[in-house]
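Chain by chain, the residues:
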Amino acid sequence: MKIKAPVEKNQTYMVAITDLTYQGMGVAKIEHFPIFIADSIPGEQIQVKITKVQKNFAFGRVEKVLVESPDRVAGNDVAYTQTGIAPLQHIAYPAQLKFKQTQIKNLLQKSHLEQIEVAETVGMENPTGYRNKAQVPVRKVKGQLATGFFKRGSHDLVPIEDFYIQDPVIDQVILKVRDILREYQIEPYDEINQRGVVRNIMVRRGRRSGEIMVVLITRTSSVSHLDEIAAAIHQIDGVVSVIQNINPKQTNVIMGKEDRLLAGESVIHDELLGQKFIISAHSFYQVNPVQTEKLYQLAIEKAGLTGKETVLDVYSGIGTISLAMAQAAKKVYGVEIVKEAVQDAKVNAVQNQAKNVKFVVGKAEDQMAKWQAEGMQPDVVVVDPPRKGLDESVINATVAMAPKRVVYVSCNPATLVRDIDRFQAQGYKVDQPITPVDQFPQTPHVESVTVMSRS
Ligand SMILES: C[S@@+](CC[C@H](N)C(=O)[O-])C[C@H]1O[C@@H](n2cnc3c(N)ncnc32)[C@H](O)[C@@H]1O
């Protein structure tokens, strides 16, 4: 029997916001039926217009805030709400930090791990303009090439010039690249008809070095006036690297496999915790350099290094954590799946005179089993996995190698809590509070550092 939803599309209701989802949406309930409402805050009374009704829930849009939360801040930008690039922009920063701490607490509670403490979120002094990397789509809007971001849940481009959370220098570079592409009448990508040329612009800037990389992601390999375009982009203040990345596929994955260096160098440089790094286009590099230093510092402290330890850095990227730990450990081994990132890591080891690190290209799942089979006896294992967290095989191999401590850097509290549970079942325990570090202000993403010890 089909149960009728108690709300109807386009109808208006008065509701109380009682919760905030992990995506940063307010939750209201009518007859136990949840309505998700962007731009609302628990404690508020809202007049909501229903925009979509699904079987078990609905979405709505705030028409009027009837009773305002003391945590609401004024001056919301409609484009940020439409695109979801800063879903927490309407919430005062201290409340955002609290929300992130509470999110981890709630997940622990759901898994009956409420005895594990969660420290206050380590916040940022100026929580805007922090991102050192932008990947913006390029589409035709009102007859001309535009840059911006997609409307939530769609591929309709909303033109944006000030991205609020990105380094403002990057915003300026995007506009200059956009204008160069307009000048040479380059066709933006049309994904419905699989036509057009430029799909995305990726810009990365070293915060300390000021060096900028621009990657033009194109559908076709040939682009008219490419030499002139590359030269003009290379002229932009700070740009040291101009790369074409070719992605002919009909896919949401931004980058394709083939790169061509169009001008300058193939990498940019940056510094973290006094060490120098090269970063290539396909390598992962934390997006908030100010908070990354705090995050790594915490990871190092929690690792409890004395100079005698063997450390495994699993998911090592360009070797940033490995090299930071190498200064206080006997030997560090890193494993990472992206070949270019490992090449960067090897150069990074040489340029920071770190002789006690070794990087291998591989899947963590395979390499951990291999190290275990070889009789590796690490004192500390650091893991910094992608959002999906750890594969069981990585946990099993870690436990089998019996390190004294496991330091878990996580960008997804749901998988973190799942993995803590699995480690605890195998004799490890969290004996210090989990520390959230706000790497992504104005967004609901939660980064944290956890240390587990062998009991
Ligand atoms: C969150 S990043 C951390 C990188 C590095 N620790 C840092 O802070 O810059 C996760 C890294 O894991 C890598 N990765 C993803 N899946 C992997 C796998 N199965 N095995 C090894 N590395 C993987 C990604 O390429 C990425 O560099």
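Residues numbered from 1 in each chain as written. Predicted model: local features only at pLDDT ≥ 70, side-chain atom pairs only at ≥ 80, totals over all residues. Heavy atoms only, no water.

Side note on the site of the ligand
Part 1 of the reasoning: Surrounding the ligand, one finds 18 residues, the nearest of these being Gln-286, Tyr-296, Glu-336, Ala-364 and Asp-384.
Part 2 of the reasoning: A distance of 3.0 Å is found between an oxygen atom of the ligand and a side-chain nitrogen or oxygen belonging to Gln-286.
Part 3 of the reasoning: Taking Ile-337, its main chain carries an N or O atom lying 3.2 Å from a nitrogen atom of the ligand.
Part 4 of the reasoning: Across the complex, the protein chains shield 90% of the 600 Å² of accessible surface that the ligand would expose by itself.
Part 5 of the reasoning: Counting only elements with at least two residues in the shell around the ligand, the list comes to α6 (320-326) and α8 (364-373). (Near = heavy atom within 4 Å. Polar contact = N/O pair within 3.5 Å; in protein donor to acceptor, adjacent residues only side chain to side chain. Areas by Shrake-Rupley, 256 points an atom, 1.4 Å probe, with all protein chains shown as cover. Helix = DSSP H or I, 4+ residues; strand = E, 2+ residues; numbered from the N terminus.)

With respect to the environment of Val-287
Part 1 of the reasoning: For Val-287, the location among the structural elements is in the loop between β14 (275-280) and α5 (289-303).
Part 2 of the reasoning: Expressed as a C-alpha distance, the spacing of Val-287 and Leu-390, which sit 103 residues apart in the sequence, is 21 Å.
Part 3 of the reasoning: In contact with Val-287, not counting residues within four places along its chain, are Tyr-130, Arg-131, Asn-132, Lys-133 and Phe-440. (Contact = heavy atoms within 4.5 Å.)

Some remarks on the side chain of Thr-218
Part 1 of the reasoning: Summarising the element assignment, Thr-218 is placed in strand β10 (residues 212-218).
Part 2 of the reasoning: For Thr-218, a relative accessible area of 1% puts it in the buried group. (Buried < 20%, exposed > 50% of the residue type's maximum accessible area, 1.4 Å probe, protein only.)

Some words on the UniProt feature "binding site: S-adenosyl-L-methionine" (unreviewed entry) in the protein
Part 1 of the reasoning: As annotated in UniProt, the feature "binding site: S-adenosyl-L-methionine" (unreviewed entry) corresponds to Gln-286, Tyr-315, Glu-336 and Asp-384 in the numbering used here.
Part 2 of the reasoning: Along the polypeptide, Gln-286 turns up in the loop between β14 and α5.
Part 3 of the reasoning: When residues no more than four places from it in sequence are discounted, the contact partners of Gln-286 are Asn-132, Thr-292, Leu-295, Tyr-296, Asp-384, Gln-439 and Glu-447.
Part 4 of the reasoning: Topologically, Glu-336 is positioned in strand β16 (residues 331-336). (UniProt positions renumbered as here; feature names shortened; annotations may be inferred.)

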